[in-house]
Amino acid sequence: MGKPGVFNKALICDPPILKVMQSSGGGAAEHLLESEIGVHWKEEELINPPPKFIAQANMADPAIFERFGEENFPECFREYAELLSWDRYWHTTLDTSNPPFWKWFVGGKLNASYNCIDRHLAKHRNKAAIIWVPEQEEEPDQILTFQELYSRVNEFALVLSEVAGLKKGDRVTFHLPMNPSLPVSMLAAARLGIIHNEVFGGFSAKACAERMEDAKSKILVTCDGYYRNGQWIDKKADADLTVDEASKVGIKVEKVLVWRRYPGKYLSKAEMVAGRDYFVDELLKKMHGKRVYPIPMDSEDPLFLMYTSGSTGRPKGCQHRTGGYLAYAAGTSKYVQDIHPEDVYWCFADIGWITGHSYIVYGPLALGATTVMYEGVPMFPDPGRSWRIAERLGVNIFHTAPTTIRMLRKAAPNEPDKYNYHFKTMTTVGEPIEPEVWRWYYDVVGKGEACITDTWWQTETGGIMCSTLPALQSMKPGSAGSGMPGIYPIIYDENGNEIKKGERRAGNICIRNPWPGIMQTIWGDPERYVRQYYLKYCKNTSSKDWHDWPYFAGDGAVLAPDGYFRILGRVDDVIKVAGHRLGTKELENAALTTKEISEAAAVPLADELRGHVPLIFASLKPGATPSKEIEAEVVSNIAKELGPIAKPRAVYLVPDLPKTRSGKIMRRVLAAISNNEDYGDVTTLANPDVVETIRKTVREHSV
Ligand code: WT7
């Protein structure tokens, strides 16, 4: 075997389950470079999967690591592409002629909507494709069989083309919550090659308008409203604001298509604008029974955009391709999540993020699985809700984020015991998971029966980069496992030297090779794509050899002696709040819309449940005096600009922000003060005295 982390097959075939103890290692890091992050933890034990799981797993053959080894790259990825139905087979698996703009499965043609729906009809017409669980517990679930999904997607595709006038290559923006209208809209767009651009439902109208402007998208698909935490949220009112905000940035929204939660009944207070706004249920009636042919798309035709925060102010539109993305989502869903068509799979995440695109919609549906989607929050009406859903629907694969796991653990640590459900695999994604929390997930939620996969990846990567393969590699609490088959991660220090296994030093995790799920580019800004992800460690910018172009992920990581990566978090200016990625610059720009504010810095404060929450430090313009009103206005402006998820925990109005002599704001110092950490030597700053003042302010108003 020889592959990192693959355990000895002889051991696992022999029940009872063997727990392989690992000699303890770890310890404090020494000689860290500026950008490196200290690591102090003990090595965790390895835990092996139950034999019963291995017996049914999609991937229990250790030869997969050889098949996907570097000597078989890139052809190994045929194995994923062959999970799909192609209208035309590709002639070139990977084209590297214009790095880092990789092309995958070149010459191939396929349709994502066909792959997720039509091809399953012959065998699974009456099987549930999507089970939607409304937040109101007394409201019945909605079950969309593959046939029903097929009808709805065809009919809505006709609305997109005939009413909205959209055609292949156009962008359509969705500002939709967790409601079946969202996957239906996505698959309808994909059917016609219309590039969908879903903006997370919890983002503000302004954030939606900005993304419409960047994508040059003139059609908005929204809904009248939805339930969240027991409250009805009026979404159509947001759409009107979006149209206003979009017009300010030069986009005239031509049509607003409004899905109604209860067809025929309009629950928003906002008026419909004649000639601009349409009820989708009324339009659908006209399309009843009509079908459209799924257009065979080039592998490289874009499937969707997904905006994400980066280190500068403007969100980046990650552009994902049809063939490579879908192949990668399907392959990883099959081997990491171990999804079989007969499984009931529930990814408790939001489709408004990449997790939902890849692992609620495209991956599971490409495999013909049943995917559960839940409208609401984990704690509504009580912390038993998730386990009731699992029990009632017979969910056997569960997937969520550490922030949800922490919240459920804190609220009702013994609650899962009361319910009769059985998971075979559980996934965690989005943030590092603390070993403590991992163990609760394993012992209590998983009842000691389920394999956990800790999956590390990003919006940009399209699918999972690091994880264990559940039937082949042991689990290790807090560790994201090794690179996926065909993914060759590496850790570099700031100078581009490799940090090897067991060195106990943190560095920047990179991926040495291209893979099918990698985004194609940043929409409208290819130069930023190169700069942000490739220039840092590129060995030769004129080279056409992929070996010279490692992908820089922006995360700190450490590589244990067994070849497992432990992800430490972002090294750039991104704050992860409850698994949502927010840019410090976006937060600061929003804070600066408060007229009294002169300068602002956003920093992450560690939070027991949400991972991190933002804090704002701001200085005032001359003549303004600090007040509670200004602080409150900063909070409300941030909520207005970005959405309620971005609200800072506190706003500190301070005389000045710590700066280097060249004027760079030292967020690191502010973060250290806020988190009660050592902020190091500040004597070389331009204004060292202000650090003490800020420290006092923070101490006096601890949050
Ligand atoms: C960032 C990407 C990928 C889907 C959801 C988030 C962090 C992601 C893990 C993990 C530790 C993780 C990283 C990454 N992250 N998964 N298993 N362990 N950290 O996508 O919003 O693009 O965020 O999330 O910092 O860079 P995203």
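The structure contained in this document is the topic of the report that follows.

The rules behind these values
Residues numbered from 1 in each chain as written. Predicted model: local features only at pLDDT ≥ 70, side-chain atom pairs only at ≥ 80, totals over all residues. Heavy atoms only, no water. Helix = DSSP H or I, 4+ residues; strand = E, 2+ residues; numbered from the N terminus. Rg over C-alpha atoms; globule rule 2.2 N^0.38 Å. Buried < 20%, exposed > 50% of the residue type's maximum accessible area, 1.4 Å probe, protein only. Contact = heavy atoms within 4.5 Å. Salt bridge = Lys/Arg side-chain N within 4 Å of Asp/Glu carboxyl O. Near = heavy atom within 4 Å. Polar contact = N/O pair within 3.5 Å; in protein donor to acceptor, adjacent residues only side chain to side chain. Areas by Shrake-Rupley, 256 points an atom, 1.4 Å probe, with all protein chains shown as cover. Right-handed = clockwise from strand over helix to strand, strands pointing away. Pairing = 2+ DSSP bridges. Axes fitted to C-alpha atoms, helices over the stretch in contact; angles between N-to-C directions.

Attention now moves to the overall build of the protein. Of regular secondary structure, the protein possesses 20 helices and 32 strands. Here the protein has a C-alpha radius of gyration of 25 Å; the compact-globule value for 703 residues is 27 Å, and the two agree. In terms of overall dimensions, the protein has C-alpha extents of about 70 × 70 × 60 Å along its principal axes. When the 703 residues of the protein are sorted by exposure, 63% land in the buried category. Considering only contacts in the protein between residues 6 or more positions apart, those separated by 24 or more positions represent 71%.

Of note, Pro 489 is situated in strand E23 (residues 489–492). Setting aside anything within four residues of it in sequence, one finds Pro 489 in contact with Cys 466, Gly 483, Ile 509, Cys 510, Ile 511 and Phe 565.

Going through the model one piece at a time under the given rule, you end up with 53 salt bridges. Put simply, Glu 137 and Arg 388 hold a salt bridge, and the shortest N to O gap is 2.7 Å. Here Glu 137, found in the loop between strand E4 (128–133) and strand E5 (142–145), pairs with Arg 388, found in helix H13 (residues 385–393); they are 251 residues apart in sequence, far enough to count as distant. A relative accessible area of 35% places Glu 137 in the partly exposed class. Between Asp 240 and Lys 236 there is a salt bridge; the shortest N-O distance is 2.7 Å. One end of the pair, Asp 240, and the other, Lys 236, are both in helix H9 (residues 235–248), 4 residues apart, so they sit about a helical turn from each other. Overlapping salt bridges bring together Glu 137, Asp 382, Arg 385 and Arg 388 as one network.

Turning our eyes to something else, we now look at the site of the ligand. Taken together, 17 residues lie near the ligand, and Asp 454, Thr 459, Asp 555, Arg 570 and Arg 581 sit nearest. Side-chain polar atom of Lys 576 to an oxygen atom of the ligand: 2.8 Å apart, as the coordinates give it. If the ligand stood free it would expose 550 Å²; the protein chains cover 97% of that surface. When residues of the shell around the ligand are traced back to their parent elements, those giving at least two are helix H12 (354–366), strand E20 (451–455) and strand E27 (565–570).

This next bit is on the pairing of strand E16 (residues 344–347). On a regular strand, each side chain points to the face opposite its neighbour's, so the side chains alternate between the two faces of the sheet. Because side chains alternate across E16, one face comprises the buried residues Val 344 and Trp 346, and the other comprises Tyr 345 and Cys 347, equally buried. The handedness of the E16 to strand E17 (residues 370–374) crossover, carried by H12, is right-handed. Both E16 and strand E18 (residues 397–400) contribute to a ladder of 3 bridges, which runs parallel. By the bridge assignment for E18, Cys 347 is matched with His 399.

Next up on the list: unusual backbone geometry. Cis peptide bonds are those with omega within 30 degrees of zero, and the linkage from Phe 73 to Pro 74 qualifies with 0°. Considering the arrangement of structural elements, one finds Pro 74 in the loop between helix H3 (63–67) and helix H4 (78–81). Residue Pro 99 is joined to Pro 100 through a cis peptide bond whose omega torsion reads -5°. Tracing the chain through its elements places Pro 100 in the loop between strand E1 (92–95) and strand E2 (103–106). Look at Lys 447: it is not a glycine, yet its phi comes out positive at around 55°. Mapped onto the elements, Lys 447 comes out in the loop between helix H15 (435–445) and E20.

Strands sit in the order E23-E24-E26-E27 across an open sheet of 4 strands; the sheet is antiparallel. The sheet is open, and its two edges are formed by E23 and E27, each paired on a single side. Neighbour-to-neighbour, the strand axes of the sheet open up by a mean angle of 45°, direction not taken into account. Pairing between E23 and strand E24 (residues 507–511): 4 bridges, direction antiparallel. When the sheet's bridge partners are listed, Ile 491 is paired in E24 with Ile 509.

A word on the sheet that holds E17. What the 7 strands build is an open sheet, ordered E5-E4-E17-E16-E18-E19-E20; its pairing is mixed. Either end of the sheet is taken by a strand with one partner, and the two such strands are E5 and E20. Pairs of neighbouring strands in the sheet enclose a mean axial angle of 15°, with direction left out of account. When E18 meets strand E19 (residues 425–429), the two strands line up parallel, connected through 4 bridges. Note that in E19 the partner of Ile 397 across the bridge is Thr 425.

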